[in-house]
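Spelled out from the first residue to the last, the chains are:
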Amino acid sequence: MCDSCGCSQPDNSVTIRKPGQPMSGSGSADHHHARKGRLIEVREAVLGKNDGIAAHNREFFEARRIVALNLVSSPGSGKTTILERTILALRGEIPMAVIEGDQQTMLDAERIETAGAPVVQVNTGAGCHLDADMVHKALHQMELAEKSLLFIENVGNLVCPAMFDLGEAAKVVIISVTEGEDKPLKYPAMFAAASLCLINKIDLLPHVDFDVARCREYALRVNHQLEFFEISARTGEGMSAWLDWLRRQII
Amino acid sequence: MQLQVMHEMSLAINIVELVSAKAQAAGGQRITSVELEAGKLSGVMVEALVFCFEAAARNTLAEGAFLEIREIEGRGNCLACGHSFIVDSLLGQCPQCDGYAVEIVQGRELKVLSLIVDEE
């Protein structure tokens, strides 16, 4: 280990000699620091590859007037239930399809299929988010109608999915009233990246301490353009505003 | 594999792929250091990224390379009063008018600036 830079190149693996000079055991303090390495300018975004594939996905969607929505939240906020109820409500009116992201299992895909929409499940294994390439590969397994809605249900995680553009038209962040109303302050990146916030499970408000007004205020501090709908996917309360919003996205 | 529950692992893999491709295209045999620009609002934990980079670089041209991270301050412009100030989170509050309507203008960068290769 080199003491000056912490690199793990062992000193004795480097030899310095002129042409014709035999390999000698005589140690030299020199190693690769003394040799002039070559500098290569890069200046490229770390996620440039992902962003390129996301742009490709976005072109595909826009050419077919498909509205892709990236649904993000903590685990258990009710994303899949919202999708089930949305599909049941808009079936026959707007063509819809779903890409389901989970670390494991086909469980969510089976629920969506039962609700009546074509679905592809992406299992990310240990991965904590969907990326643009996963969505691109899923798209190759789907036949999407023109002027349709594509819901991309991301892995339940409020941190990592914020960084990865999938090519969606908008991110929809979902928070349920069984969580803390301070989530927008704790996980600002996701609320900053979203265009719409669904506050779900409002039928439980009488039983929990969740303060809706404060949640909205916190979320607006992070993103002053964020729109909100308060809904209960279970009872259907407030769902019509969300459904109307979806109808308006299809032009 | 458990490392992948951190997005820093994905980022590290992306960095290693990017710099390996650049080094290879330039005929470099081994990458000795990578210079990265990381905004303080980019969502990256520097310590986690360094840890993940070391793991992701194994058995690649970047194995053992030193990851030099240049952090960039977050900067926001207040949309209400126009004041420009340093922010340390996406929850920037204007120190002049206390407003929260702040446009983040700097600090989300995440870029590989350069690398150094050995050619032999």
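Structure's up top.
Residues numbered from 1 in each chain as written. Chains lettered and ligands numbered in written order. Predicted model: local features only at pLDDT ≥ 70, side-chain atom pairs only at ≥ 80, totals over all residues. Heavy atoms only, no water.

**Q** Residue-level account of the packing of aromatic side chains, with values.
**A** Residues and elements named next belong to chain A. Under the defined criterion, the tally for this structure stands at two aromatic pairs over all chains. For the pair F60 and F61, a centre-to-centre distance of 5.9 Å together with 70 degrees between the ring planes defines the contact as edge-to-face. Residue classification places F60 among the partly exposed residues on the basis of a relative accessible area of 26%. Summarising the aromatic geometry, the rings of W242 and W245 are spaced 5.9 Å apart at their centres and angled 15 degrees between planes, so their arrangement reads as stacked. Pair noted here: W242 and W245 are both in helix α8 (residues 239-249), with a separation of three residues, about one helical turn. W245 carries the same exposure label as W242, and that label is buried. (Phe/Tyr/Trp six-rings, centres within 6.5 Å; stacked < 30°, edge-to-face > 60°. Buried < 20%, exposed > 50% of the residue type's maximum accessible area, 1.4 Å probe, protein only. Helix = DSSP H or I, 4+ residues; strand = E, 2+ residues; numbered from the N terminus.)

**Q** Describe helix α3 (residues 107-115) of chain A, and please don't skip the residues or the numbers.
**A** Residues and elements named next belong to chain A. Taken together, the buried positions of α3 are occupied by D108, A109, I112 and A115. All buried residues of α3 lie within an arc of 120 degrees about the axis, which places them on one face of the element. Opposite the buried face of α3, at more than 90 degrees from it, the exposed residues are L107, E113 and T114. Buried residues along α3 sit against α2 (79-90), β3 (96-102), β4 (119-123) and β5 (149-153). Taken from the residues just after α3, G116 is the one with a positive phi, measuring 115 degrees. (Arc of directions from axis to C-beta. Contact = heavy atoms within 4.5 Å.)

**Q** Explain the layout of surface pockets to me, and be specific about the residues and the numbers.
**A** Here the largest pocket is characterised by a volume of approximately 800 Å³. For the lining of the largest pocket, the element with the highest residue contribution is helix α6 (residues 188-193) of chain A, accounting for four residues. Per-class residue counts for the lining of the largest pocket are 19 nonpolar, four polar and nine charged. Along the walls of the second largest pocket sit 19 residues, with D131, D133 and M134 of chain A together with S10 and N14 of chain B positioned nearest its centre. Counting residues per element, the ones that place at least two in the lining of the second largest pocket are α1 (48-63) and α4 (132-139) of chain A together with α1 (7-25) of chain B. Here the lining of the second largest pocket is composed, by residue class, of six nonpolar, eight polar and five charged. (1 Å grid on protein atoms, 1.4 Å probe; cavity = no way out; pocket = protein on both sides within 12 Å on 5 of 7 lines; lining within 4 Å. Points joined across faces, edges and corners; volume = space filled by probe spheres on them. Nonpolar A, V, L, I, M, F, W, Y, C, P; charged D, E, K, R; others polar.)

**Q** Describe the interface of chain A and chain B, with residues and values.
**A** The accessible area lost on association of the parts is a frequent measure of interface size. Taken together, the 34 residues of chain A in the interface contact 41 residues of chain B. Summing both partners gives a buried area of about 3,200 Å² for chain A against chain B, and 61% of it is carried by carbon and sulfur. Seen at the junction of chain A and chain B, the total is two salt bridges. A salt bridge links K22 of chain B to E44 of chain A, with the nearest nitrogen and oxygen atoms 2.5 Å apart. Inspection of the region where chain A meets chain B yields 12 residue pairs in polar contact (both at pLDDT 80 or more). Counting residues per element, the ones that place at least two in the side of chain A that touches chain B are β1 (38-45), α6 and α7 (212-222) of chain A. Here the side of chain A that touches chain B gets eight residues from one element, more than from any other, and that element is β1 of chain A. (Buried area = accessible area lost by both parts, 1.4 Å probe. Salt bridge = Lys/Arg side-chain N within 4 Å of Asp/Glu carboxyl O. Polar contact = N/O pair within 3.5 Å; in protein donor to acceptor, adjacent residues only side chain to side chain.)

**Q** Talk me through the pattern of salt bridges; I want residue IDs and the actual numbers.
**A** All names here are of chain A. Evaluated as defined, the whole model comprises 19 salt bridges over all chains. Two residues, E41 and R43, come together in a salt bridge whose shortest N-O distance is 3.7 Å. With respect to class, E41 is no different from R43; both count as exposed. A salt bridge links K171 to E168; the shortest N-O distance between them is 2.8 Å. Assessed through its relative accessible area of 8%, K171 is described here as buried. Look at E168 and you get buried, because its relative accessible area is 5%. Connected via shared salt-bridge partners are E84, D108 and R111.

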